[in-house]
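Architecture and fold: a report
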Amino acid sequence: VMFGSQLPSASAAAACLLRHGCNYAVWLGFVWFGIESNHSDGSLVARNRYCYKWFCLVSRLCISGYFAYMSVGVIAAMSNPHVAVLSWIRLVGCLICAGVVLVLQFWYGQRILRVVNNFLRLFRRVKALPGCQVWQFGGRRELGLLLFKVLCMLYEFFCELPLLFTKLDAEYIVSVLCDMHITINSSMICHACFVGFLSVGALYAQVNRYVRHELRRQLRALEQPNGQRASRRELKAAGYRLDECLAIYNEIQRVSSAFQELIELPLSLILLFLFLSMTLVSYFVMLNRFRDFSIMLLVVKLFMDLVLLTLAIHGASSSSRVIRRLSLENCYVTERSDWHMRLEIFLNRLNFFEFRVTPLGLFEISNELILVFLSGLVTYLTYILQYGIQSNQI
């Protein structure tokens, strides 16, 4: 099967979901820049919107302040200590996430724009490879992960929406809208990290697919059946393709490193928030004897966010390791050893620049991390369940 083994429609559908997701983030004020077509060549470029940026900053400050004032009064009136602790952690986590978004927009806005434009430029560069089919964003795997992410985002939006119609009071409606805005924007940090790592994995996968199929076919076409050497023009064209692939690998590595440096602290905070939320909400579900279906759905949603983020990171890491298995068999064997030398130098460099996601250097995000957390969570909840049964609380 050649380079187009996956349906291009899956790539187009994934790009469509990503485009609508970006518009949704702009509508929420999380993304202040616009993705527009360049008038010169029609390519997509991220452009700053200064007026909308300041509107997002001011509105976020006002909404966060009102949300904190409203939540403190509500929590102080709670009689259930377990619900109060859960509400305090939710309030502190949401306010920290709001502060992180404010800092990213105000202080790191230009760096974020550069990273986004570098990603867009990389996708254009991959599409411009000689003989490469036109792909928009990934394939079936990326489409599947994006569909699950869309379900999580729909749950975020609609889970509190029915509360707007329970009481016809202006102050109550404003408080619910502020709560929805703060909560959804807190989750947008996780969604942004997911999209970034998914983009890195899609870039690696597309170039790997091109090297494995199209480039190897082009290089093997240089082999002459009668033992004649390929012409200098053919060797020059093949050398250009090889150099361009190696340059793209190097650029992906540079852009992914810049992206990780930018979101290292927000990623650490959102992971801590997810772990704490899952633990406390699961404990609250057990206290209610599994009778609150909406809270159980919240646990599933939090777990899905964690799993999707981990799968996106695992896919990017796995795709980057595939490059190391690209040996000299992918190249046309000639007397020109400079081809092989260039490839070997690049493969050796990858041993020192392995794609790994380690927030603040504390731990590595991988599938094993999910298993360790789940085992600890099950053990903790088992002790709580045994204690609740013995004390007649559950």
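The rules behind each value
- Residues numbered from 1 in each chain as written.
- Predicted model: local features only at pLDDT ≥ 70, side-chain atom pairs only at ≥ 80, totals over all residues.
- Heavy atoms only, no water.
- Salt bridge = Lys/Arg side-chain N within 4 Å of Asp/Glu carboxyl O.
- Helix = DSSP H or I, 4+ residues; strand = E, 2+ residues; numbered from the N terminus.
- Buried < 20%, exposed > 50% of the residue type's maximum accessible area, 1.4 Å probe, protein only.
- Core = buried A, V, L, I, M, F, W, Y, C linked by side-chain atoms within 4.5 Å.
- Contact = heavy atoms within 4.5 Å.
- UniProt positions renumbered as here; feature names shortened; annotations may be inferred.
- Patch = residues over 30% accessible without salt bridge, like charges linked within 9 Å, V, L, I, M, F, W, Y side chains within 5 Å.
- Areas by Shrake-Rupley, 256 points an atom, 1.4 Å probe, with all protein chains shown as cover.
- Disulfide = S-S within 2.5 Å.
- Phe/Tyr/Trp six-rings, centres within 6.5 Å; stacked < 30°, edge-to-face > 60°.
- Lys NZ or Arg CZ within 6 Å of the ring centre and 35° of its normal.
- Axes fitted to C-alpha atoms, helices over the stretch in contact; angles between N-to-C directions.
- Parallel < 35°, antiparallel > 145°, perpendicular 65-115°, else oblique.
- Left-handed = near helix turned anticlockwise from the far one by under 90°.
- Nonpolar A, V, L, I, M, F, W, Y, C, P; charged D, E, K, R; others polar.

A word on the pattern of salt bridges. Any two side chains of opposite charge can pair, on the condition that their charged atoms come close. Summed over all chains, the structure comprises nine salt bridges. Between glutamate 156 and lysine 301 there is a salt bridge, with its nearest N and O atoms 2.6 Å apart. Of this pair, glutamate 156 sits in helix H5 (residues 140-159) while lysine 301 sits in helix H8 (residues 293-322), placing them 145 residues apart in sequence. Classification of glutamate 156 by relative accessible area gives buried; the value is 8%. One continuous salt-bridge network, built from bridges that share partners, spans Lys149, Glu156, Lys301 and Asp305.

Turning to the nonpolar core, a few remarks are in order. By size, the foremost hydrophobic cluster in this structure holds 80 residues, and its most contacted members are Phe197, Leu267 and Leu309. Those elements that provide at least two residues to this core are helix H1 (8-28), helix H3 (81-107), helix H4 (109-127), H5, helix H6 (170-220), helix H7 (232-287), H8 and helix H10 (367-390). For this core, the element with the most residues is H7, which contributes 18 residues. Setting aside residues no more than four positions away along its own chain, leucine 309 makes contact with Cys190, Cys193, Phe194, Phe197, Leu267 and Leu271.

Mapped onto the present numbering, the UniProt feature "transmembrane region" (unreviewed entry) falls at residues 12-33, 54-76, 88-108, 143-164, 184-207, 262-287, 293-316 and 369-389. Annotated as 100% helix and 0% strand, the span residues 262-287 places its first and last C-alpha atoms 39 Å apart. Along residues 293-316, the helical share is 100% and the strand share 0%, with 35 Å between the first and last C-alpha atoms.

This part takes up a nonpolar patch on the surface. A cluster of nonpolar side chains, contributed by Tyr50, Trp54, Val103, Phe106 and Trp107, occupies part of the molecular surface with about 630 Å² of accessible area. Those elements that provide at least two residues to the nonpolar patch are helix H2 (50-76) and H3. The dominant element in the nonpolar patch, judged by the number of residues it contributes, is H3, at three residues. One can find tyrosine 50 in helix H2.

According to the stated counting rule, one finds zero disulfides in the structure shown. Cysteine 94 takes part in no disulfide bond, and the closest cysteine sulfur to it belongs to cysteine 97, at a distance of 6.5 Å. Accessibility expressed as a relative area gives 2% for cysteine 94, which makes it buried.

This brings us to the environment of phenylalanine 157. Secondary-structure assignment places phenylalanine 157 in helix H5. For the pair phenylalanine 157 and isoleucine 184, spaced 27 residues apart in sequence, the C-alpha separation works out to 7.2 Å. Not counting the four nearest positions on each side in its chain, phenylalanine 157 is found in contact with Tyr24, Trp27, Met180 and Ile184.

Here the focus is the packing of aromatic side chains. Given two aromatic rings, their pairing is described by the distance between the two centres and the angle made by the two planes. Evaluation of the coordinates by the stated rule reveals 10 aromatic pairs. Between tryptophan 32 and phenylalanine 33 the ring centres are 5.2 Å apart and the planes differ by 85°, which places this aromatic pair in the edge-to-face class. The exposure class assigned to phenylalanine 33 is buried, which follows from its relative accessible area of 7%. Taking the centre distance of 5.3 Å and the plane angle of 80° together, the rings of phenylalanine 197 and phenylalanine 259 count as edge-to-face. Remark: phenylalanine 259 occurs in helix H7 and phenylalanine 197 occurs in helix H6; sequence separation between them is 62 residues. When its relative accessible area of 8% is taken as the criterion, phenylalanine 259 is described as buried. Put simply, the rings of Tyr24, Trp27, Phe157 and Phe158 pair up and form one aromatic cluster. Of note, lysine 149 hangs over the ring of phenylalanine 194, and the distance from its end group to the ring centre comes to 4.9 Å.

Two numbers describe how H2 lies on H3: the axes approach to 10 Å, and their chain directions differ by 165°. Regarding the angle of H2 to H3, the classification is roughly antiparallel. For H2 against H3, the interelement crossing comes out left-handed. Facing H2, whose interface residues are Lys53, Trp54, Cys56, Leu57, Arg60, Leu61, Ser64, Phe67, Ala68, Ser71, Val72 and Ile75, H3 presents Ala84, Ser87, Trp88, Arg90, Leu91, Cys94, Leu95, Ala98, Val101, Leu102, Gln105 and Phe106. For the contact of H2 with H3, the class distribution of residues is 17 nonpolar, four polar and three charged.

Our next topic: the packing of H7 against H8. Where H7 meets H8, the closest approach of the two axes is 9 Å, and the angle between their N-to-C directions is 150°. Relative to H8, the element H7 is oriented roughly antiparallel. In terms of crossing hand, the pair formed by H7 and H8 is left-handed. Residues Leu267, Leu271, Leu274, Phe275, Ser277, Met278, Val281, Ser282, Phe284 and Val285 of H7 touch H8, and the partners they reach there are Ile295, Met296, Leu298, Val299, Leu302, Phe303, Asp305, Leu306 and Leu309. Residues of the contact of H7 with H8, tallied by class, amount to 16 nonpolar, two polar and one charged.

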